[in-house]
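Structural features, examined
Below, each chain spelled out in residue letters.
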Amino acid sequence: MIKLSQMPYERPDMDEIKAFYEKLIEDSKNAKSGEEQLQLHQKYRDFRADYFTELTLAVFRHNIDTSDEYYSKENDYADEVMPLISNYENQYKKVLFESPYREYLEEKINKIFFKNIELANNSISEEILPLMQEENALISKYDKVIASAKIPFDGEEYNISLLRKKLTDENRDTRKRAWKALSEYFLSVTDEIDDIYDKLVKNRTEQAKKLGYDNYVELGYNRMQRNAYRRAEVENFRKQIKESFVPFVCEIQEKRKAQIGVDELKYYDNDVFFKNGNPAPIGTPEEIMKAGQEMYSELSPETKEFFDFMMENELFDVLGRKTKKAGGYMDYLPKYKAPFIFANFNGTSGDVDVITHECGHAFQGFVTRNDETPENNDLTMETAEIHSMSMEYFTYGWMDKFFGNRSDDYLKMHLQDSITFIPYGCMVDEFQHIVYDKPEMTPAERKQVWKDLEKTYRPWLDFDGDEFFDEGGFWQKQGHIFWNPFYYIDYVLASVVAMQFKVWMDKDYKDAWNHYLQLCKLSTRDFYENELAEVGLKSPFKDGTIDELARNMREKV
Ligand SMILES: [Zn+2]
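Presented here is an overview of the structure given in this document. Since the model is a prediction, treat every value here as computed from it, not as a measurement.

1. What to know about the coordination of the zinc ion
The protein atoms that coordinate the zinc ion are His357 (NE2), His361 (NE2), Glu385 (OE) and Glu385 (OE), at distances spanning 2.1 to 2.5 Å. Seen from the zinc ion, its 4 donor atoms lie at angles of 53 to 138 degrees, and the figure they make is irregular. Mapped onto the sequence, the donors of the zinc ion take the spacing H-x3-H-x23-E. Here the residue His361 occupies a position in helix 13 (residues 350-367), and Glu385 occupies one in helix 14 (residues 381-394), the gap between them amounting to 24 residues. The class for His361 is buried, based on a relative accessible area of 12%. Of the residues examined, Glu385 reaches a relative accessible area of 6% and is grouped as buried.

2. Here's the deal with the sheet that holds strand 5 (residues 338-342)
In space, the 3 strands of this open sheet follow the order 3-5-4, with mixed pairing throughout. For this open sheet the edge positions go to strand 3 (316-317) and strand 4 (329-333), each flanked by a neighbour on one side alone. Of the strand pairs in this sheet, strand 3 and strand 5 are connected by 2 bridges, and their pairing is parallel. In the strand pairing of strand 5, Asp317 is matched with Phe342. In this fold helix 12 (residues 301-312) packs onto strand 3 and strand 5, with an angle of close to 70 degrees to the strand it touches most, strand 5.

3. Re unusual backbone geometry
Even without being a glycine, Asp154 presents a positive backbone phi close to 50 degrees. Positionally, Asp154 belongs in the loop between strand 1 (151-153) and strand 2 (156-158).

4. Describing a negative patch on the surface
A contiguous patch of negative charge on the surface is contributed by Glu10, Asp13, Asp15 and Glu16. Mapped onto the secondary structure, Glu10 falls in the segment before helix 1 (14-29).

5. With respect to the pattern of salt bridges
Side chains that carry opposite charge are capable of pairing whenever their charged atoms lie near each other. One pass over the full model with this rule turns up 49 salt bridges. Taking the shortest distance from any N to any O, the salt bridge between Arg230 and Glu218 comes out at 3.1 Å. Of this pair, Arg230 sits in the loop between helix 9 (216-223) and helix 10 (231-260) while Glu218 sits in helix 9; the two residues are 12 residues apart in sequence, bridging distant segments of the chain. Residue class for Glu218 comes out partly exposed when judged on its relative accessible area of 39%. Linking Asp452 and Lys455 is a salt bridge whose minimum nitrogen-to-oxygen distance equals 3.7 Å. In this pair, Asp452 and Lys455 both sit in helix 17 (residues 443-457), 3 residues apart, roughly one turn of the helix. Through salt bridges with shared partners, a single ionic network connects Arg238, Lys242, Asp429 and Glu430.

Definitions and limits used
- Residues numbered from 1 in each chain as written.
- Predicted model: local features only at pLDDT ≥ 70, side-chain atom pairs only at ≥ 80, totals over all residues.
- Heavy atoms only, no water.
- Donors = N, O, S within 2.8 Å, 3.2 Å for Na, K, Ca; no water.
- Tetrahedral: all angles 85-135°; square planar, octahedral: opposite > 155°, others 65-115°.
- Helix = DSSP H or I, 4+ residues; strand = E, 2+ residues; numbered from the N terminus.
- Buried < 20%, exposed > 50% of the residue type's maximum accessible area, 1.4 Å probe, protein only.
- Pairing = 2+ DSSP bridges.
- Contact = heavy atoms within 4.5 Å.
- Axes fitted to C-alpha atoms, helices over the stretch in contact; angles between N-to-C directions.
- Patch = residues over 30% accessible without salt bridge, like charges linked within 9 Å, V, L, I, M, F, W, Y side chains within 5 Å.
- Areas by Shrake-Rupley, 256 points an atom, 1.4 Å probe, with all protein chains shown as cover.
- Salt bridge = Lys/Arg side-chain N within 4 Å of Asp/Glu carboxyl O.
- Lys, Arg positive; Asp, Glu negative; His and termini not counted.
- Charge placed at Lys NZ, Arg CZ, Asp CG, Glu CD.

See below:
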C-alpha cells in the first residue's frame, strides 16, 4: 500500500472514457447470457475504480491546498467531466435495467442497485437539463450570499463560520451581541434569499411537472434514492417525534437552564451547555491523533487494524491551514481500497468529532473494502450516518483522553445536543413538505409556516422578539434546504438508531459492538428496515419505537 501523499495522479482521458462506455453499452446490449453481461460489468467496475480514484484525488489535492495551481486546474477538470461521466453511467445502467437477464443480475449484483436505477430513470430527462442547470446556478447564488458575509463584530470582521465561536461564547453578553450581529446580516439579505428560494421551489416544481409528477415531493424522494420508505413512513415518524421527543427535549432545556445559570433561556443561549463554556479538547492535534490511536486499539481488534492502517498510510489530512478548503469529510479511493479523512482542526470539540464521527464512516469503508460487490456500498444517507453516529457513542468511554477533567461535561453536552437535534431535524423536513406541496406560497407565507412549526417542534425557544429569527427566518441559514431538498431527515433517522445502540451498549457493550460491526458489513445488501431487523434494531417508522427510545434515553441525561 502506498501513502496518500505519494499516490500518483494522472488526469483521466475523456476520449478514452467515452470510447470505453460506448463499447461497453454496445457489448452489454449484445450479450448472449447473464454470465456474459456480468463479466462485462466486472470490466466496468475495474475501469470505474481507476478513473474515480483519479478524480477523487484531484478534488482532494485541490481541497488541501487551494493555492496549488496544478490541482486547481485538475479540480476544474473533474467538475467539468463528472456530469458527462454520470450521463454515460446512467446510459449503461439503463441497459442493465432493461436486460433480459435482469433476474440473474439482480441476484449476482444487488437488488437495491436495480431499485436505485429505477428511481434515477424517473428523475431525469433531456427536457429538464436547462432547468437543472438553472437550479445549480441558484444554489451557487445562495452559497455566495452565505460565504461572502462580512459581519462586523467588536471591531473586527467575521464570516459566518468564524462567528460561530462567538455565538457560543461563555459570556452571555458577548453571545447575545454576536447573535444580534448574525440576525442583522440575515435581515440585510433575507429578501435576496427569499427570492432565490422562491425561484428554486418554482424551478423544482416545473422539473417535477415536466417529468409527470404532481409536485416536487415525489421527485425529491427519488433523487434522494428513498428506495425503502416514502412519505407516509416519514410522516408517521415525525408524528412519533412530536409526541415523545418534544416533551423530552423540553425537560432537557430545563436542565440546561440550570447548567448555564440563567432564569430564562433565550435563543442566544441555544448552543451553550455550561456556565464555564462548552468543553474543548486538550492537547495538540498530534496528541489528539495519538489519543485516537490508543482509543481504537483498545476498543476492538477491528478498530485497531483500521486506525493503524489509516495512520500507516497517512490517510488523515486534518490540520487546519490557511489555503485549505473549509469543512470536513470522509471519502474513499476504490483503486487502493482506502478510506481517507479531510478536516480542519480548530481547537473545538469538532476536532474530536473527526476522530469519532468521520472515523465511523471511514471504519465502515475499511471493513467492507474487500467486498467483491462494490454496489453493496452504495449507501443512502440514513444508513451511512448510523455508522458514524453510533461510533460517537461507542467511543464514550475514552473521552477523558480528549477532554481531561471535562470529559463528563463533554458527554453530557453530546447527549443533550444529540437529543435536542431530533425535533429540529423533523421540523426542517416538515417545512420542506409544506413548501413543495404548495409551491405558490409567497415568501411571507413560507416564513409564517416556519414560525408555526417552531411552536410545535421547539416550544422552549424564545427569540426575544428578534426581527429576523422571531419572524420565521431561521431556516435561511440551513443550507440543506437549498442544496438538497429532503436531505435532512436522514440525520434524524440515523440518530434514533444510533441511540438504540447507546441503550444497548450500556447493557452489554460487547454484544452491541458485534451487532454494530454486523450492520457495517451489511452495507446496503438489503433495504433499510430489513437490515435493522437483521441486527436486532427497531424501525423508527414503527409505532412505539420512538416512545420506548425516549423512555430509555431519559435515564441517561
Ligand atoms: Zn456523517
